[in-house]
Amino acid sequence: MNNTSSLPAAVPPLLQMRRIDKTFGHVAALKGFDASIAPGEFVTVVGPSGCGKSTLFNIVAGLEEPDTGAILRFEGKDCEAADLLGRVSFMPQRDLLLPWRTVIDNAILAIEVEGTPRKQAREQALGMLPEFGLAGFENQYPHQLSGGMRQRVALMRTFLFKRDLMLLDEPFGALDALTRTMMQRWLLDVWQKHRRTILFITHDVDEAIFLGDRVLVMSARPGRVKLEQRIELPRPRSAELLTAPEFIRIKRVLLDAIEEESMKSFTAATAGATQ
Ligand SMILES: Nc1ncnc2c1ncn2[C@@H]1O[C@H](COP(=O)(O)OP(=O)(O)OP(=O)(O)O)[C@@H](O)[C@H]1O
Ligand SMILES: [Mg+2]
């Protein structure tokens, strides 16, 4: 692994993942995944489709158990995946808004499940609506919203469920380029204000660099960290950065690594199809 970015020794990691393997029947989804996340870091994850990114998030969210031999440490303590259930905020790959619940009631779902009385939960959420660009939409239903608004409701649900670590699985995947760019800048503002630690999956290399303090490039399945790239571009970040020479240089390095892995995945998939 090309490790250009060891964490500073003085900062104990919020999350450590060591030797994470996960097999589903004959499919090895993850093999030897190793990474540490520092408190307050924004770490982006890119890699070929099917390399185990969502599986990794399901493990860290406590929804899947890794195979034996894996080591997870959260807030300085060894733990099983199941111990992490409810201790991290998780926005899954699909936004999972409930069609029969309004914006406000979708936003409060996680904290309501956790035990916050509905009235109190609604009050908390109402105060956050303007920041999430949803003021005045509290009583609308998901089908009445644009794609960008739906994503913001799902993000608001994730932010309301206040945990130090947030897992966001391709939160902007379904958006057009312009809306996506606006959402990225908005997310950086919100992140800077709320001071959370974020692990963020994306297929968009520009997005990974623009948002991240570090980018992890995953290998083809079984997924592990192939390349770890620290992004030392100044914050706050603005659109001009996308054409800065340093941005382009990093993008070339990442694209080369991703392309190599995507070719492996494609070759494996087509070989499987012809067998
Ligand atoms: N619950 C499951 N049961 C069986 N196989 C699974 C399960 N979850 C994931 N897999 C398999 O594990 C592999 C990794 O899937 P995963 O969803 O983690 O990939 P991904 O990197 O998130 O892909 P994408 O970028 O397309 O979202 C795939 O081959 C998938 O079919
Ligand atoms: Mg996925």
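Presented here is an overview of the structure given in this document. (Residues numbered from 1 in each chain as written. Chains lettered and ligands numbered in written order. Predicted model: local features only at pLDDT ≥ 70, side-chain atom pairs only at ≥ 80, totals over all residues. Heavy atoms only, no water.)

## So, the packing of helix α5 (residues 147-160) against helix α6 (residues 177-194)
The geometry of a pair of packed helices is captured by two quantities: the angle between their axes and the separation between those axes. Here is the rule: Axis lines are fitted through C-alpha atoms, for helices just across the contact stretch, and the angle between N-to-C directions can take any value from 0 to 180 degrees. A helix here means a DSSP run of H or I that spans at least four residues, while a strand means a run of E at least two residues long, and both kinds are numbered starting from the N terminus. In this scheme, roughly parallel covers angles under 35 degrees and roughly antiparallel covers those over 145, while 65 to 115 is roughly perpendicular and the rest are oblique. Here a crossing is called left-handed whenever its near helix is offset anticlockwise from the far helix by less than a right angle, and right-handed whenever the offset is clockwise. We call two residues in contact when some of their heavy atoms are within 4.5 Å. For this classification, Asp, Glu, Lys and Arg are treated as charged, while Ala, Val, Leu, Ile, Met, Phe, Trp, Tyr, Cys and Pro are nonpolar and the rest, including Gly, are polar.
Close contact between α5 and α6 brings their axes to 12 Å; oriented N to C, the two are set at 15 degrees. On the basis of their axis angle, the class for α5 and α6 is roughly parallel. Judged by the twist between their axes, the crossing of α5 over α6 is right-handed. Only Thr179, Met183, Trp186, Leu187, Val190 and His194 of α6 make contact with α5, whose side of the interface consists of Gly148, Gln151, Arg152, Leu155 and Phe159. Of the residues belonging to the contact of α5 with α6, the class tally is 6 nonpolar, 4 polar and 1 charged.

## Some details on the coordination of the magnesium ion (ligand 2)
The test is simple: Here the term donor refers to an N, O or S atom within 2.8 Å of the metal (or 3.2 Å for Na, K and Ca), and because water is left out of the atoms, sites may appear incomplete. Burial status follows relative accessibility: with a 1.4 Å probe on protein chains alone, a residue under 20% of its type maximum counts as buried, one over 50% as exposed, and anything between as partly exposed.
The protein atoms that coordinate the magnesium ion (ligand 2) are Ser54 (OG) and Gln93 (OE1), at distances of 2.0 to 2.3 Å. Taken together, the positions of serine 54 in helix α1 (residues 53-60) and glutamine 93 in the loop between β7 (89-91) and α2 (103-107) put the pair 39 residues apart, joining distant regions of the chain. Taking the relative accessible area as the measure of exposure, serine 54 reaches 24% and is therefore partly exposed. Judged by relative accessible area, which is 45%, glutamine 93 ranks as partly exposed.

## Points about the sheet that holds strand β5 (residues 71-74)
Short version of the rule: One requirement defines pairing of two strands: DSSP has to find at least two bridges between them.
Pairing in this open sheet of 4 strands is antiparallel, and the strands run β3-β2-β5-β6 from one edge to the other. Both edges of this open sheet fall to β3 (27-37) and β6 (77-79), since each of them pairs with a single strand only. Pairs of neighbouring strands in the sheet enclose a mean axial angle of 30 degrees, with direction left out of account. As paired elements, β5 and β6 share 3 bridges and run antiparallel to each other. Pairing of arginine 73 across the sheet is with aspartate 78, part of β6. Running over the sheet, α1 touches β2 (15-24), β3 and β5 and is turned about 120 degrees from β2.

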